Amino acid sequence: MIELFYIFSGLALVSALLVITSRNPIHSVLFLILVFCNVSALILMLGAEFMAMIFLIVYVGAIAVLFLFVVMMLNVKISEYRDNYIYYVPIGGFISLIFLFEIFMILDLQNNQINAINVLTLSSYEKLQLDYMTNIEVLGEILYTDYFYCFIISGMILLVSMIGAIVLTLYKKKHVKRQEIAQQVYAQMDGIRLVTPIQK
Amino acid sequence: MYPEIFLTATICVLLVYGAFAPKMSTISHKRKTQSIINNNLFFNISWLVIFSLTIALFLLPAVNGSSVTIFNNLLIVDDLTTIVKGIILISSIATLFISMAYVKKESINAFEFTLLLLLAILGLFCLVSSNDLISLYLAIELQSLCLYVVAAFKRDSEHSVEAGLKYFVLGALSSGLLLFGSALIYAYTGTTNFDQLLLLNLSSNLDQAVTTSFHTGFLIGIVFLSFGLLFKLAAVPFHMWAPDVYEGSPTSVTAFFAIVPKIAILAVFTRLYFTVFYDIIYIHLQSQGSIVFLNFCAIGSMVVGAFGALKQHKIKRLLAYSAIGHMGYMLIGISTGTLEGLEALFIYIIIYIIMTIGTFSVVISLRKSKNISDLNGLNQANPLLAFSLAIILFSTAGIPPLAGFFSKLFLFFSAMSSSMYLLVIVGIFTSIVGCFYYLRLIKVAYFSQQLSLSDTRYLFKSIFVTKEISILLGIVFFWLILFIFYPSPLFVVAHKIALALCV
């Protein structure tokens, strides 16, 4: 099991690196898809099969394909940003070293206690639920009862993103003729003129 | 919870109204042009939003010292939330008046603007009363998504779009930090709920074994969480976005940024620092000096705010740096970790909000309000406006008889009583430097070279003070002057807030 974890996480890391470094945007989107697939395999290994499937469907099926579509539509040329590559290495490396140091600082000291505390918070009822119900049932039961507030707020966030997207992109041009359905329906009989075809 | 539910319903109804009203009116009045209809629609919706905010003000529950958690402990209602929500409502009504004046001048013909502000207010409400890391994160996302869109609202202007994009990218980074911090806290405690975290911290105080078990990771989680919040507050190491965003976005949006969201984020920040993590931050780590980073943020913000503003030529950029500086003073109140500090913090932020409303209502009344030199000859063109600007700026700088002086005074007192002399010294020094640039604005408005008569007449015509703005300015003006005679209501409010947190 642990070997599988190493394989998937290693692949995910390598392909994540390739997403950033590959020159061709299409390649990097494809590597992004590979990252998503590996991560969903990792989630599957945790036993959360529903989340893994959702991850695949949403990220790979929708978002990444949309990315790919946009990249192909835009016809982005292979950009020449390699010149700056060396320029950013020192600062990026420094920051990532700091984070690595932090991670080791956490892991060394308290590797063992994490699980101990986590298990404490699950009540016996919840454990029972986890054993006898499917993933999706447990998720639905929690999401629509205990955390319904979060669900509603997420809905509001989606509403905001919809309004935002419309506001920022919709242009109301004056001289474009549009179909005004309300006006068509509203039109009275006397507004319509019968036109006889011109005879020669 | 009534105000939130009411606001949500209002948003939905107004959205439908805004979407369908233009079509209705094109059918009934064919002669009116589209822009007039849109403009009318904007004002209709703005007034409706103002009405609904006023109603929400009356819907706020009076809790009187008790605290209630609702929605499976995801939200909390106590004195802090009620009072802060009231302040948010009042200040956002003022901001809406300001934005209406702006729209009269600049004509952004889109009703969604006000609705997005309303959604942001809803997000701030949820943020103030959040009692769980999940609801905290969701509320922050809700309000900041609205603000990203609103910052880029003037999409014809390159500055505005740039501001929106910058704010979006950096805001996403800070949300990432916040989420990472929350994940670490969850990993090391197994809970995201504030009450349970509080219990855990209290028990860690008693039991040395538990303490050592989660210190480092938990602490890093707290630090990341604070980073995310400090970013939203534009405190110093995370202040880079503020000047650009303030400058680029439309002035009414800048007013909203400067006035409304800060108190909500400060409220949740103080809830985290003064109840949830109080023991771990102020008792455990005081000895190890881990609160140093907060002191660093405070000092850094004060210094950057004072010295960054010195060489600015744009009014809005200057106001952004002044906001950073004020945030530094407010962080003093948090880093004292005492009841007096907390009270002083809330007195400071309320006075700051009132002063900022005043400043922005003056700025919005000027037709051209980009450079500082646009204030030239304001005294000749409109002496009353110039005088109120002068009083507001004197108060912001902290000149004695005005309200701004007292807010600084209380903060410095509280810092002195918890023997943080370095913070006080830096604070006094930077407020002296700050005086300089506020006085420079007044100097430009009063003592610049004399304008010719035609120029004065032109300037007089270009200044357009709406009725609402003038009432607002009058209230702010007299409040700032007369605060010294009757300050006790504000003290009572601040004391109530502090008690709600520290019980």
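Small disclaimer: the values here were computed from a predicted structure and weren't measured.

### Concerning the overall build of chain A
Consideration 1: Counting its secondary structure elements, chain A contains 9 helices and 0 strands.
Consideration 2: Burial statistics for chain A: of 200 residues in total, 9% are counted as buried.

### A closer look at helix H14 (residues 315–336) of chain B
Consideration 1: Given a rise of 1.5 Å per residue, 22 residues ought to cover 32 Å, and the 32 Å separating the end C-alpha atoms of H14 of chain B matches this to within 8%.
Consideration 2: Gly337 of chain B sits one or two residues past H14 of chain B and shows a positive phi near 70 degrees.

### A few points about the packing of helix H3 (residues 79–106) of chain B against helix H15 (residues 339–365) of chain B
All names here are of chain B.
Consideration 1: It is at 9 Å that the axes of H3 and H15 come closest, and there the two elements cross at 5 degrees. It follows that H3 is roughly parallel to H15 by the angle criterion. Across the interface between the two elements, Ile87, Ser91, Ala94, Ile98, Ala101 and Tyr102 of H3 pack against Ile350, Ile353, Ile357, Phe360, Ser361, Ile364 and Ser365 of H15.
Consideration 2: Tallied by class, residues from the contact of H3 with H15 come to 10 nonpolar, 3 polar and no charged.

### Thoughts on the packing of helix H8 (residues 148–169) of chain A against helix H4 (residues 112–128) of chain B
Consideration 1: Running from amino to carboxyl end, H8 of chain A crosses H4 of chain B at an angle of 155 degrees, the nearest separation of the two axes being 11 Å. With respect to H4 of chain B, the axis of H8 of chain A lies roughly antiparallel. Taken as a pair, H8 of chain A and H4 of chain B cross one another with a handedness that is left-handed. For the pair formed by H8 of chain A and H4 of chain B, the contact residues are Ile153, Met156, Val160, Ile163 and Val167 of chain A on the first element and Glu112, Leu115, Leu116, Leu119, Leu122 and Cys126 of chain B on the second.
Consideration 2: Considered class by class, the residues forming the contact of H8 of chain A with H4 of chain B number 10 nonpolar, no polar and 1 charged.

### Let's talk about the confidence of the model for chain A
Residues and elements named next belong to chain A.
Consideration 1: Taken residue by residue, chain A gives an average pLDDT of 76. The fraction at 70 or more is 68%.
Consideration 2: Confidence, expressed as mean pLDDT per element, reaches its minimum in chain A at helix H5 (residues 113–121) with 47 and its maximum at H8 with 89.
Consideration 3: Counting interchain partners and residues more than four positions distant, the pLDDT-below-50 stretch residues 112–120 has 8 contacts.

### Some thoughts on helix H3 (residues 49–74) of chain A
Consideration 1: With 26 residues, H3 of chain A extends 36 Å between its outermost C-alpha atoms, agreeing within 8% with the 38 Å of an ideal straight helix rising 1.5 Å per residue.
Consideration 2: Of all the bends in H3 of chain A, the largest measures some 25 degrees and sits at Ala64 of chain A.

### What to know about unusual backbone geometry
All names here are of chain B.
Consideration 1: You will see that Phe71, though not glycine, has its phi angle at about 55 degrees, which is positive.
Consideration 2: Positionally, Phe71 belongs in the loop between strand S1 (68–70) and strand S2 (75–77).
Consideration 3: The backbone of Asn72 sits at a positive phi, close to 55 degrees, despite the residue not being glycine.
Consideration 4: Locating Asn72 in the fold gives a position in the loop between S1 and S2.

About the criteria used
Residues numbered from 1 in each chain as written. Chains lettered and ligands numbered in written order. Predicted model: local features only at pLDDT ≥ 70, side-chain atom pairs only at ≥ 80, totals over all residues. Helix = DSSP H or I, 4+ residues; strand = E, 2+ residues; numbered from the N terminus. Buried ≥ 20, exposed ≤ 12 C-beta atoms within 10 Å, placed from the backbone. Expected span 1.5 Å × (residues − 1). Axes fitted to C-alpha atoms, helices over the stretch in contact; angles between N-to-C directions. Parallel < 35°, antiparallel > 145°, perpendicular 65-115°, else oblique. Contact = placed C-beta atoms within 7 Å. Nonpolar A, V, L, I, M, F, W, Y, C, P; charged D, E, K, R; others polar. Left-handed = near helix turned anticlockwise from the far one by under 90°. pLDDT = per-residue confidence, 0-100. Bend = angle between axes of the 7 residues up to and from the residue.

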